[in-house]
Amino acid sequence: MVDLSVQLGALVLRNPLLSASGTFGHGLEMEHFVSPESLGGWVSKTVTLEPRHGNPAPRICETEAGFLNSIGLENRGVDSYLEKIVPALKGVDAVIFTNVGGASPDDFVAAVERLEEADEVDAYELNLSCPNVQGGKLPYGTDPKMAEDVTRRVRDVTKKPVFSKLSPNVSRISDMAKAVEAGGADGITAVNTLLGMSVDWRNGTPGLATIQGGYSGVGMKPVALRCAWDCVRSVNIPVIGCGGISTLDDVLEFLVVGCSAVQIGTASFSNPSLLAEMAEELPARLAEAGFDSVRELIGSMHGLERPGGSSK
Ligand SMILES: Cc1cc2nc3c(=O)[nH]c(=O)nc-3n(C[C@H](O)[C@H](O)[C@H](O)COP(=O)(O)O)c2cc1C
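Residue numbering note: each chain is counted from 1, following its sequence as written. Two thresholds apply to this predicted model, a pLDDT of at least 70 for residue-level local features and 80 or more for giving and counting side-chain atom pairs, whereas whole-chain, interface and lining totals are computed over all residues.

Now for the overall build of the protein. Secondary structure is summarised from DSSP: a helix means a run of H or I of at least four residues, a strand means a run of E of at least two, and numbering begins at the N terminus for each. Along the protein, the regular secondary structure elements total nine helices and 16 strands. Taken over C-alpha atoms, the radius of gyration comes to 18 Å for the protein, in line with the 20 Å a tight globule of 312 residues would show. Principal axes of the C-alpha set define a box for the protein whose edges measure 55 × 50 × 40 Å. Neighbour counting defines burial: a residue surrounded by 20 or more other C-beta atoms within 10 Å of its own C-beta is buried, one with 12 or fewer is exposed, and intermediate counts give partly exposed, using backbone-placed C-beta atoms. Going through the 312 residues of the protein one by one, you find that 50% of them count as buried. For the purpose of contact definition, each residue receives a C-beta atom placed from its backbone, and two residues are in contact when these atoms lie within 7 Å. Taking contacts inside the protein between residues at least 6 apart in sequence as the whole, the part at least 24 apart equals 72%. Put simply, the radius of gyration uses C-alpha atoms, and a globule should come to 2.2 Å times the residue count raised to 0.38.

Any two strands between which DSSP finds at least two bridges are classified as paired. Taking strand neighbours across the sheet as the criterion, the four strands line up as β5-β6-β14-β11 in an open arrangement whose pairing is antiparallel. Looking along the sheet, the strands with just one partner apiece sit at the ends: β5 (60-62) and β11 (194-197). In this sheet, neighbouring strand axes are inclined to one another by 40° on average, regardless of whether the strands run parallel or antiparallel. Looking at chain direction, strand β6 (residues 67-69) and strand β14 (residues 212-216) are connected through three bridges and run antiparallel. Angles here are taken between N-to-C directions and fall from 0 to 180 degrees, while the axes themselves are lines fitted to C-alpha atoms, restricted in helices to the stretch in contact.

Within the structure, the ligand sits among 26 residues, and A20, G22, S216, G265 and T266 are positioned closest to it. Tallied by class, the residues present in the shell around the ligand amount to nine nonpolar, 15 polar and two charged. For each residue, a C-beta atom is placed from the backbone, and the residue is labelled near a molecule or strand when this atom is within 6 Å of it. Just so you know the grouping, Ala, Val, Leu, Ile, Met, Phe, Trp, Tyr, Cys and Pro go in nonpolar, Asp, Glu, Lys and Arg go in charged, and all remaining residues, Gly too, go in polar.

Further remarks concern the pairing of strand β10 (residues 187-190). Covered by surrounding structure in β10 are G187 and T189 together with I188 and A190, the residues of both alternating faces. As paired elements, strand β9 (residues 162-166) and β10 share four bridges and run parallel to each other. The residue of β10 that forms the bridge with S164 is I188.

Let us look at unusual backbone geometry. Peptide bonds are, in most cases, trans, and in most cases residues other than glycine have a negative phi. With omega at -5°, the peptide bond leading from A57 into P58 counts as cis. Position of P58 relative to the elements: it lies in the loop between β4 (41-43) and β5. Across the junction of A190 and V191, the peptide omega takes the value 15°, indicating a cis bond. Within the secondary structure, V191 sits in the loop between β10 and β11. You will see that L73, though not glycine, has its phi angle at about 55°, which is positive. Its place among the elements puts L73 in the loop between β6 and α1 (78-89). Even without a glycine there, the phi angle at I211 is positive, about 65°.

This part takes up the environment of G303. Along the chain, G303 turns up in the segment after α9 (294-297). With 46 residues separating them along the chain, G303 and V257 place their C-alpha atoms 9.7 Å apart.

Side chains three or four residues apart in an α-helix point the same way, a direct result of the helix having 3.6 residues per turn. Helix span, as expected, comes to 1.5 Å for every residue beyond the first. Helix length check: helix α3 (residues 144-155) (twelve residues) gives 16 Å between terminal C-alpha atoms against 16 Å at 1.5 Å per residue, within 8%. Looking only at α3, the buried set comprises A147, E148, V150, T151, V154 and R155. Buried residues of α3, seen end-on, are gathered within an arc of 165° and therefore sit on one face of the element. Of the surrounding secondary structure, the elements contacted by the buried residues of α3 are α2 (105-115), β8 (123-127), β9 and α4 (173-182). Here the arc refers to the directions that run from the helix axis out to each C-beta atom.

Before going further, it helps to spend a moment on the environment of F67. Mapped onto the fold, F67 is located in strand β6. Separated by 39 residues in sequence, F67 and D106 have C-alpha atoms that sit 32 Å apart. Those residues within four positions of F67 in sequence are excluded, and the remaining contacts are I60, C61, E62, S216, G217 and T266.

A separate point is the nonpolar core. I188, A190, A228, C231, C259 and V262 are the most contacted members of the largest nonpolar core, which totals 85 residues. Excluding anything up to four places from it in sequence, V262 contacts P16, L17, L18, I240, G241, C242, I245, V251 and F254. For our purposes the nonpolar core covers buried Ala, Val, Leu, Ile, Met, Phe, Trp, Tyr and Cys residues that link as a set through C-beta atoms within 7 Å.

The subject of this paragraph is the packing of α4 against helix α5 (residues 221-232). Two elements in contact, α4 and α5, have axes separated by 9 Å at closest approach and are oriented at 45°. By the angle between their directions, the pair α4 and α5 is classed as oblique. Between α4 and α5 lies a crossing of right-handed hand. Here I173, S174 and A177 of α4 come into contact with α5, specifically with C227, D230 and C231. Grouping the constituent residues of the contact of α4 with α5 by class yields four nonpolar, one polar and one charged. An angle below 35 degrees is treated as roughly parallel, one above 145 as roughly antiparallel, one from 65 to 115 as roughly perpendicular, and anything else as oblique. Crossing handedness follows the turn of the near helix against the far one: under a right angle anticlockwise gives a left-handed crossing, and clockwise gives a right-handed one.

Attention now goes to the environment of R52. Looking at where R52 falls in the secondary structure, it is placed in the loop between β4 and β5. The residues touching R52, leaving out its near neighbours within four places in the chain, are G72, L73, E74 and N75.

Take a look at the structure:
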C-alpha cells in the first residue's frame, strides 16, 4: 500500500490532489463526477465581501492549447456563501479551502472575519492574483509589499491556515513568495493564470470583451512548473503547484520539483472525472516506480536546494 498522504503545514491531506479555484464550482456541483473522499481537498471559487456581477461576455475563449477567461470574479458574496453553500459542506469528507478575493486589504479581512463563523472552512486561499479585475492591474499580484501586507492582515484575524495564491505575471515570483512567507502565510499556491489575449484578424474582434484575460490549461504548464519550483527554492513553507496539469505525469513533475500538493483546473472542463481517475491511478504509478509513499518523491529533483541549505 502506497501512502498518499501529504502535509501542508498543520493540514494533512489524504492525497496531493486538489481542485483549482473557479473551475470546480464550490465542490458539491461536481460530486457525481468526483466524490469528496477521493480527493485531498476542494478549493472554492473566489468569494468576495460583496456580490460581483463579473465582466461582460464573451468571457471565455478557446485557444490552440487551453483557454482564456475573464470571468471577473463573479460571485454572490460572502453572506450568500455562508447561507447557501456552507451548510451543504457540513459532514463533507474533504479538506475545504475557501478562496477569498477583494479590491482592498480591508475587503479581504472583512470577508475572512465573516467566514470565521464557518467550521466547515478548513483553510483560506487568498486570491492575490486574479488578472481579470481592475483591468489586470490588481496590485497585490505584483507588489511584494502589498502581498505581504494583505497576507499579514488576514493572518492576524484567523487561526486557520492561510495560503496566498500568486500570479505568474511578475518578473521575479521568488520575491512574491518571500513576501507572503514574511506576512505569515502557511503556504503558497503557484500559480494563477497568465495574462493573454486573442483576436480574429479577419474582422478585428478580440476573443474576450475585456480584450485581455487569464490564460490557463496545458500550454502554461512549463511556465507554472518554473514558477512553482522557484517558490519552492525560495521559501520554507509548503507550495501547491497549479497551472496546465492534465495528466498524472504532470502531477508527479510538480511533486518532484518540491510541491507538496497540486491543483487541477482547466483539464477538469474536458474531463470532469479527471481528478477521481488520477486519485485511483496514483498508487499504482508510484508503486511501479518503487515509492512506498508520495512524500518520498516530493522535492527529489536533482539539484533542488531549499533555503537553509537542505536539498529537499
Ligand atoms: C474559468 C476559470 C475561472 C477561474 N476562477 C478563479 C477564481 O475564481 N479564483 C482563483 O483564484 N483562480 C481562478 N482561476 C484560476 C485557476 O484556479 C488556476 O489557477 C488556473 O486556471 C491555472 O490552472 P489550470 O491550468 O489547471 O486551469 C480560474 C480559472 C478558470 C479557467
